[in-house]
Amino acid sequence: MSQIFDFYDYKNKVFSCNGVNLETIAKEVGTPAYIYSAEALVSNFNKLQKGLKGLNSLICFAMKSNSNLSVLRLLAEAGAGTDIVSGGELFRSHQAGVSAEKIVFSGVGKTKEEMKNGLTFQGKGIHSFNVESIAELFALNQVAKELHLKATVALRFNPDVDPKTHPYISTGIKKNKFGMDRAEIFNCLSHLKQLDHIRLEGISIHIGSQLLSLSPLKDAFERLAHLIEEIQHPIQFVDLGGGIGISYQLEQPPKIEDYCQLIHEVFGEKSKFNSKLKIILEPGRQISGNAGVLLTQILFRKQRRSQDFLIIDAAMNDLIRPALYGSYHEIVPIQAVHLEGKMKKTMVVGPVCESSDFIGKSRKLSQNLKSGDFLAILSAGAYGFTMSGQYNSRPRPPEVLIQNGNFRIVRKRESFEDLIQGELSSLRH
Ligand SMILES: *Cc1c(COP(=O)(O)O)cnc(C)c1O
């Protein structure tokens, strides 16, 4: 396990992160609580950065995977920009000190307000907009025209490759709503002359998430390279998206070195582009996924003949991935003594009134785990807190950052008052 989850392991028989005992945190900040390792985040980022050495590159962290300000600041200090998908993420990027020239704006449905905010961000505007349709291109041109500005654009190409991942997180097949096929791209190009406020400089792709093989990426990169040669337009940069998978269970995700090697081969010095293109990446999960865990406490054990239920204080509103995609998250006891002794098939469920509220099904867990014991739900650093909600009027958990052998709360636990903010507060009088 320590091989998969580099920064989390048992130390003196207690599950720990970078030497910090997670039981201490659970007792001090309460549960459920999201925990992130600063060392893991920076190390995952640096691995990618190192692999791209020799290329003119920019790594824009896909902040929809984890948008905590302290996490963003940490990555920004390490040199990262952000890949944003909303005005809210642009606002967060600003708060975290991410500079304008390192922000790319993705997403199929940007509003005019969001376009305006991107164009005027920090007085100079963001690096680029990844445009996903001809309608969006015209709308962006109009907004830029009203502001007497020019929008730097990458057209998002849908290369029609099957990334062989979960259908909900697959984005580069023709039938998806994302990007444009070859004909749509050419259609955009044919209208460029009328679009005085568009500066077309790039082509982008993003074929899906949690990719466990490089071969669909290789196909996509090659189709992208071919398209760039085909279009009679000077391209300055390619945005290769994100999507590299991580190990949740026993999956073997592609090695970062191999991924970078592939980028070098298709776009680097020895390629037909001779390193002339700037390379942008939008990794999310690969940086944040295994850097985080969700700490939880067992409320009750419910014994059944076929299997027991452990009812925990974290639920689908805190971590929705199992309910939404049927995703697997490893669940480990905080005390190593529970790794030994008699195991029983166990359903690990939350308190929410939905049968889809499970975190783990049929897990082999110690029969001795009981009310009051703590568990860690692993690989929860990506699409964990950011997808959380308040269903069942459950305040969202706090976020805790472990750094240099210490921990600090980087987002407070929500209060009951937070739940009703903005609702007829006069009712209380
Ligand atoms: C979600 C998303 C990403 C990040 O995906 P990961 O699988 O977390 O790396 C990158 N680019 C775009 C356009 C996205 O929508």
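Residues numbered from 1 in each chain as written. Predicted model: local features only at pLDDT ≥ 70, side-chain atom pairs only at ≥ 80, totals over all residues. Heavy atoms only, no water.

1. What to know about the packing of aromatic side chains
This model, assessed by the stated rule, comprises 7 aromatic pairs. Centre to centre, the rings of Y34 and F385 are 6.0 Å apart; their planes meet at 85°, and the pair counts as edge-to-face. Here Y34, found in strand β4 (residues 33-37), pairs with F385, found in the loop between β18 (374-377) and β19 (399-403); they are 351 residues apart in sequence, far enough to count as distant. Given a relative accessible area of 10%, F385 falls into the buried group. (Phe/Tyr/Trp six-rings, centres within 6.5 Å; stacked < 30°, edge-to-face > 60°. Helix = DSSP H or I, 4+ residues; strand = E, 2+ residues; numbered from the N terminus. Buried < 20%, exposed > 50% of the residue type's maximum accessible area, 1.4 Å probe, protein only.)

2. Regarding the domain arrangement of the protein chain
Domain boundaries assigned for the protein chain yield domain 1 (4-37 + 289-416) and domain 2 (107-281). Between the C-alpha centres of domain 1 and domain 2 there is a distance of 36 Å. Domain 1 puts 12 residues into the contact, and the matching count from domain 2 is 9 residues. Where domain 1 touches domain 2, the interface holds 1 residue pair in polar contact (both at pLDDT 80 or more). Residue classes in the side of domain 1 that touches domain 2 are distributed as 6 nonpolar, 4 polar and 2 charged. (Domains from an automatic or database assignment. Contact = heavy atoms within 4.5 Å. Polar contact = N/O pair within 3.5 Å; in protein donor to acceptor, adjacent residues only side chain to side chain. Nonpolar A, V, L, I, M, F, W, Y, C, P; charged D, E, K, R; others polar.)

3. Some words on the sheet that holds strand β3 (residues 20-21)
Across the sheet, which stays open at both edges, the 3 strands sit in the order β1-β2-β3 with antiparallel pairing between neighbours. Of all strands in the sheet, those bounded by a partner on one side alone are β1 (8-11) and β3. As paired strands, strand β2 (residues 14-17) and β3 are joined by 2 bridges and run antiparallel to one another. Pairing of C17 across the sheet is with V20, part of β3. (Pairing = 2+ DSSP bridges.)

4. Focus on the pairing of β18
In β18, alternate side chains face the same way, and those of F374 and A376 on one face and L375 and I377 on the other are all buried. Where strand β13 (residues 292-302) and β18 come together, 4 bridges link them in antiparallel fashion. Within the sheet, the bridge partner assigned to Q297 lies in β18 and is F374. With 3 bridges joining them, strand β15 (residues 331-333) and β18 adopt antiparallel strand pairing. Residue pairing across strands places V332 opposite A376, the latter belonging to β18.

5. Some words on the site of the ligand
In the region of the ligand, 15 residues are neighbours, and K64, S209, E282, R285 and Y383 sit closest. One of the side-chain N or O atoms of H206 is found 3.5 Å from a nitrogen atom in the ligand. Between G284 and the ligand, the recorded distance is 2.9 Å, taken from a backbone N or O atom to an oxygen atom. Expressed as a share of its isolated accessible area of 390 Å², the protein-covered part of the ligand is 93%. (Near = heavy atom within 4 Å. Areas by Shrake-Rupley, 256 points an atom, 1.4 Å probe, with all protein chains shown as cover.)

6. Observations concerning the packing of helix α8 (residues 215-230) against helix α9 (residues 256-267)
It is the contact of α8 with α9, at a shortest axis distance of 10 Å, that shows an interaxial angle of 20°. What the angle tells us is that α8 and α9 run roughly parallel. Taken as a pair, α8 and α9 cross one another with a handedness that is right-handed. Each of L217, K218, F221, L224 and A225 in α8 lies in contact with α9, whose residues at this interface are Y259, L262, I263, V266 and F267. In terms of residue class, the contact of α8 with α9 is built from 9 nonpolar, no polar and 1 charged. (Axes fitted to C-alpha atoms, helices over the stretch in contact; angles between N-to-C directions. Parallel < 35°, antiparallel > 145°, perpendicular 65-115°, else oblique. Left-handed = near helix turned anticlockwise from the far one by under 90°.)

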